[in-house]
Amino acid sequence: MPYILLTLAAVFWGGNYVAGSVLVHYINPYALSIFRWGLTTILMFSLYWKVISKEWHLLVSNLKINALYALLGQILFPLTLYIGLQYTSSLNASIYISTTPCLVLLINSLFFKEKISLRNILGVIVSTAGVIYLAFSNSSNGKLTSFGPGDMLTIMSALSWACYCALLRLKDRRVSNTAFVGFSSLLGTLILIPVYLIYCYHIGNVTMFKETPSLYPVLGAIYLVIFPSWLSYVFWNKGVQHLGTTRSEIFTHIIPVSGGLLSIILLDQDFHSYHLVTLILIVIGIVLCSGKK
């Protein structure tokens, strides 16, 4: 079951890159982040109010670490991604997120003294090879697209996600995943509001929308709230709780594959043989990092 949950979470996040790359043309990234987590907060509190209210004292008693989770998972991870998607492709951004298993391995080894098995390392190497192959298969004359601010921001997004996943081991196990995500969404929204106001003051413009929203951006916003925000975070936290941070993080390699497939389906991009090769390598990497047999 945890393998299915982690896979679904990664697939939904792959769609986040596609939806985000479209939505940033209609709404500025700061306002998009507030809409996403504000609506997610309303959804989570509406569905799980009894659970959240019952565990409220546990959530508040761990306010500092929960605020750190919100900063990493609800603010830095998506906000730097949405800003970066204005300057780089969704494919590049999804490729960068696949570096997080290596970063989590490093964080766990350096700060938590976790013993990393040879099988874990081999799984990361194989799946990372698949991601690198995908990157250069999408390049021109063997060179990736020019490296710019969008790439730096999406790399920061990947780094914040790696820190979030590595620190999940410190989460209070008495708190349910739904209450944790709901509380994190609330904290993220409350922090994002002054950040957005400072941004508006800095640029001298409070306009949220770049263009008049049509049906597709509205559907994209609904997708962001239900799938990457609600279901992905709940599924991911539950999967990490069962498998641990190191073995779970390998599933982030599914994100560029799912993002690519969704781009093919929704954006009419072509499917190539290198997509299949990448998928095979990533699946092999997941198998090596999952289970003992």
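About the thresholds
- Residues numbered from 1 in each chain as written.
- Predicted model: local features only at pLDDT ≥ 70, side-chain atom pairs only at ≥ 80, totals over all residues.
- Heavy atoms only, no water.
- Helix = DSSP H or I, 4+ residues; strand = E, 2+ residues; numbered from the N terminus.
- Contact = heavy atoms within 4.5 Å.
- Core = buried A, V, L, I, M, F, W, Y, C linked by side-chain atoms within 4.5 Å.
- Buried < 20%, exposed > 50% of the residue type's maximum accessible area, 1.4 Å probe, protein only.
- Salt bridge = Lys/Arg side-chain N within 4 Å of Asp/Glu carboxyl O.
- Expected span 1.5 Å × (residues − 1).
- Polar contact = N/O pair within 3.5 Å; in protein donor to acceptor, adjacent residues only side chain to side chain.

**Some remarks on the side chain of K171**
- Tracing the sequence through the fold places K171 in the loop between α9 (149–167) and α10 (177–203).
- Once you skip the residues sitting within four places of it in the chain, K171 turns out to touch Y69, S176, N177 and F180.

**Some remarks on the nonpolar core**
- Of all hydrophobic cores here, the largest spans 71 residues; its most connected members are W161, Y164, Y233 and W236.
- If near-sequence neighbours (up to four positions away) are discounted, W236 is found in contact with L6, A9, W13, W161, C165, L168, S248, E249, F251 and T252.

**Regarding the pattern of salt bridges**
- With the rule as written, the count across this model stands at one salt bridge.
- Across the pair D172 and R174 runs a salt bridge whose closest N-O atoms are separated by 2.9 Å.
- Owing to a relative accessible area of 16%, D172 belongs among the buried residues under this scheme.
- On the basis of relative accessible area, R174 is assigned to the exposed category, the value being 57%.

**Here we look at helix α1 (residues 2–23)**
- Taking 1.5 Å of rise per residue, 22 residues should cover 32 Å, and α1 covers 31 Å from first to last C-alpha, within 8% of that figure.
- In terms of burial, α1 is largely enclosed, as 16 of its 22 residues are buried.

**What to know about the environment of S21**
- Note that S21 resides in helix α1.
- Judged by its relative accessible area of 14%, S21 is buried.
- Residues S21 and T88, spaced 67 residues apart in sequence, show a C-alpha to C-alpha distance of 8.9 Å.
- Beyond its immediate chain neighbours, meaning those up to four positions away, S21 contacts L85 and S90.
- A distance of 2.7 Å separates a polar side-chain atom of S21 from the backbone oxygen of V18.

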